[in-house]
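Commentary on secondary and tertiary structure
The chain contents come next:
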Amino acid sequence: MSHQGIHHITAVAGDPKENYEFYTQVLGLRMVKKTVNFDDPSVYHLYYGNELGEPGTILSFFPWEHLKEGEPDVGQVVAVSFSVPTASKSFWLHHLNEQKIDFEDPFERFGKEVIGLQDPHGLHLELVFDPVADKAKGWGDGPLPARHAIRGIHGATLAEENYAGTGRLLEEDLGFELTNQFENRYLYESKAEFGSTIEIIDQFPLNGKPGKGTVHHIAFRSKDEEEQEMYRQKLLNKGYYLTEVKDRDYFKSVYFHEPGGILFEIATDPPGFNRDEDIAKLGQSLQLPDWLEHERYDIEQNLPSLTA
């Protein structure tokens, strides 16, 4: 299983315009797909990533404006981190100050410098100065200088009541290895280029709730449908309940809850985000699945604009 690592992470946002402006203009990510929540077509599903929209770089959002503010809780992904080049610290400190974004002073964790911040709706984010990012190209046509741009997802932090069961799942079934520990924080890594890091905080004293600013689910990669079925059968044999395969147009998905309660997904790399748009035009127009095309007019009339 050669592609192990995070495929994408999906979170809940508030106002979609604020979400769009922050992730494209402040963080400099590319919107690689503008579509709707297939289970609730009245709401956008916005995908951000690198220039090509590759697995391992994708953070997506359901902007449900009517929801209350959420708070981090045990049994949630409580932070999402991005990989940026190691020589980009001065740029990001200046850029975040210029954009009037509050952030934590740089600190070191597991041998890498980190800056912590929040998006407009309270999702905790981290910029990790990552040697892997030094070897990858940034988006040349993006709003930020390519040499400093985010390269992809670095990883995710999970809060668990007991890390052990989730750790076994990561190691035995999802291709990760426990590589480090500091106090009650456990580091698991895979060999993927990006999306290769899961940190678990054990017995984290949180009492939050779902809502805006929280993560909905985290998806792990499978290289194709055959490998996805291998994962599925292996997990079924261990007693996990998995959904049927769902066609999300840009990947096929199965879902299950890990031992701590977080919703996990296994998503295929293909067909990818360029299946219905050229690479040069990714994210420029609203894309709908075939079964919603007959409702396009009503859907477009009800969705708010993302730009002024």
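Summary of the structure given here.

Criteria and thresholds
Residues numbered from 1 in each chain as written. Predicted model: local features only at pLDDT ≥ 70, side-chain atom pairs only at ≥ 80, totals over all residues. Heavy atoms only, no water. Phe/Tyr/Trp six-rings, centres within 6.5 Å; stacked < 30°, edge-to-face > 60°. Pairing = 2+ DSSP bridges. Helix = DSSP H or I, 4+ residues; strand = E, 2+ residues; numbered from the N terminus. Buried < 20%, exposed > 50% of the residue type's maximum accessible area, 1.4 Å probe, protein only. 1 Å grid on protein atoms, 1.4 Å probe; cavity = no way out; pocket = protein on both sides within 12 Å on 5 of 7 lines; lining within 4 Å. Points joined across faces, edges and corners; volume = space filled by probe spheres on them. Nonpolar A, V, L, I, M, F, W, Y, C, P; charged D, E, K, R; others polar. Axes fitted to C-alpha atoms, helices over the stretch in contact; angles between N-to-C directions. Contact = heavy atoms within 4.5 Å.

Examining the packing of aromatic side chains
Inspection of the entire model under this criterion finds 16 aromatic pairs. Aromatic ring contacts, followed pair by pair, group Phe-176, Phe-220, Tyr-240, Phe-256 and Phe-264 into a single cluster.

Thoughts on the pairing of strand β7 (residues 112–118)
Along a regular strand, successive side chains alternate from one face of the sheet to the other. Sheet topology note: the strand β6 (residues 107–109)/β7 ladder contains three bridges and is antiparallel. By the bridge assignment, Glu-108 is partnered in β7 with Glu-113. Turn length for the β6-β7 hairpin, with the two strands adjacent in sequence and antiparallel, is two residues, and the turn residue Phe-110 shows positive phi of about 50°. In this sheet, strand β8 (residues 124–129) lies alongside β7 in antiparallel orientation, the contact comprising five bridges. When the bridges of β8 are listed, Gly-116 appears paired with Glu-126. The antiparallel pairing of β7 with β8 creates a hairpin that spans five residues between the two strands, and Gly-122 there sits at a positive phi of about 100°.

Let's talk about the pairing of strand β5 (residues 76–84)
For β5, the buried fraction is high: nine of the nine residues fall into the buried class. The pairing of β5 with strand β9 (residues 152–160) spans seven bridges and is classified as antiparallel. By the bridge assignment, Gln-76 is partnered in β9 with Ala-159. Pairing between β5 and β8: five bridges, direction parallel. Bridged to Val-84 within β8 is Phe-129.

Thoughts on the layout of surface pockets
When its volume is computed, the largest pocket comes out at roughly 400 Å³. Taken together, 23 residues line the largest pocket, and the ones lying closest to its centre are Asn-50, Glu-54, Thr-57, Arg-151 and Phe-194. For the lining of the largest pocket, the per-class residue count stands at ten nonpolar, seven polar and six charged.

Concerning the sheet that holds β9
Reading across the sheet, the eight strands line up as β6-β7-β8-β5-β9-β12-β11-β10 and stay open at both edges, with mixed pairing between neighbours. One side of each edge strand has no neighbouring strand; the edge strands of this open sheet are β6 and β10 (177–182). Ignoring strand direction, the axes of neighbouring strands in this sheet form an average angle of 30°. The strands that helix α4 (residues 163–173) touches are β9, β10, β11 (185–189) and β12 (197–202); relative to β12, the one it contacts most, it runs at about 165°.

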